[in-house]
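# Descriptive structure summary
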Amino acid sequence: MYVHAAFHDMQKQRRSKMRFLKQLTKLQPELLVRVETTVKIHNSPYMTLTVENIGLGPRGLPALSICHYGEQNGDLMRDPEMCFEVEIENGIAMEFQPYFYRNDYAGVEQNAVEDKIVNTRMIRSQRQFSELWSPNLIEQGFLTAYLAQANDRAQEEYFKEMSDPERLREEMEQAQAEDRLERRHEERVLELGIELMEQEGIAKQQRIIDGRK
């Protein structure tokens, strides 16, 4: 069955929501639009998880690879890797259509789209696996680990900027300017208060004089 016809027929079937990838792409939207954008999530004791924008899939839609990488005799081993085409609406990933699966330890590789021919049975099998894998990744804490890593990177960037003498000098000058402005504002408020008190005192004295008359 040809690519577009097969995928059109499969739209009538239940497609993979792949909630883990949906949440991750909300947190890292560059994964949907920038080729070679890569996210590596370290989450001991589990194997590192890598998600990468690998360009376009069989239908010309953005494609993501998600993979656990292990190591054997110095070689990286995929356990497993899956590839999905992503259907996007208003910048948000809505559906994930699997088309590739590989597990190096098991010696299995399934390419469901070859020479414009789609193996619908293989795609159904890949979808079923992805719907088991996705909640496992969430339960194992990979989204939480990603957020912790993102926070660590933000702190590193902050301290890196703060270690830049020129940046530090500019921030100090700005803080000093803001402090001077605040002090001037306080002084002006005090001046106005004194003026009002003086005016009230003059008015009071005038009322006394007027009363005596």
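Our subject is the structure listed above.
We now turn to the structure provided with this report. Predicted model, so just to flag it, every value in this text is computed and none were measured.

## Notes on unusual backbone geometry
Between S44 and P45 the backbone carries a cis peptide bond, its omega angle lying at 10°. Summarising the element assignment, P45 is placed in the loop between β1 (38-41) and β2 (48-56). Across the junction of D79 and P80, the peptide omega takes the value -10°, indicating a cis bond. Position of P80 among the secondary structure elements: in strand β4 (residues 75-89). Not every positive phi belongs to a glycine, and D115 is a case in point at roughly 50°. Following the sequence through the fold, D115 ends up in the loop between β7 (113-114) and β8 (117-118). D115 gets classed as exposed once you look at its relative accessible area, which sits at 75%.

## Thoughts on helix α2 (residues 19-27)
Taken as a whole, α2 has its buried residues at F20, L21, L24 and T25. Down the axis of α2, the sector holding all buried residues measures 125°, keeping them to one side.

## Some remarks on the environment of L132
By secondary structure assignment, the location of L132 is in helix α4 (residues 120-139). L132 sits in the exposed class, given a relative accessible area of 58%.

## Brief notes about the packing of aromatic side chains
Between two aromatic rings, the relevant description is the distance of the centres plus the angle of the planes. Applying the stated rule across the entire model yields four aromatic pairs. Note on F84 and F96: the rings are 6.3 Å apart at their centroids and 90° apart in plane angle, and the pair reads as edge-to-face. On the criterion of sequence distance, the pair formed by F84 in strand β4 and F96 in strand β5 (residues 92-103) is long-range, its members being twelve residues apart. By relative accessible area, which is 1% here, F96 ends up buried. On the basis of an interplanar angle of 75° and a centroid distance of 5.3 Å, the ring pair of Y101 and F129 is categorised as edge-to-face. Remark: F129 occurs in helix α4 and Y101 occurs in strand β5; sequence separation between them is 28 residues.

## As for α4
In a regular helix each residue adds 1.5 Å, so 20 residues correspond to 28 Å; α4 covers 29 Å between its end C-alpha atoms and thus fits that length. Listing the buried residues of α4 in full gives I123, Q126, R127, S130, W133, S134 and L137. Across the axial projection of α4, the buried residues extend over an arc of 140°, all falling on one side. Residues of α4 that are exposed and point over 90 degrees away from its buried face: R121, Q128, L132 and E139. Remark: G141 follows α4 within two positions and exhibits a positive phi of approximately 90°.

## Focus on the side chain of Q126
Secondary-structure assignment places Q126 in helix α4. Overall, Q126 belongs to the buried group, its relative accessible area being 1%. Once residues lying within four places of it in the same chain are set aside, the contact partners of Q126 are M82, P98, Y99, F100, Y101, Q110 and A112.

Reading guide: rules and limits
Residues numbered from 1 in each chain as written. Predicted model: local features only at pLDDT ≥ 70, side-chain atom pairs only at ≥ 80, totals over all residues. Heavy atoms only, no water. Helix = DSSP H or I, 4+ residues; strand = E, 2+ residues; numbered from the N terminus. Buried < 20%, exposed > 50% of the residue type's maximum accessible area, 1.4 Å probe, protein only. Arc of directions from axis to C-beta. Phe/Tyr/Trp six-rings, centres within 6.5 Å; stacked < 30°, edge-to-face > 60°. Expected span 1.5 Å × (residues − 1). Contact = heavy atoms within 4.5 Å.

Take it as geometry only, folks, not as evidence of what the structure does.
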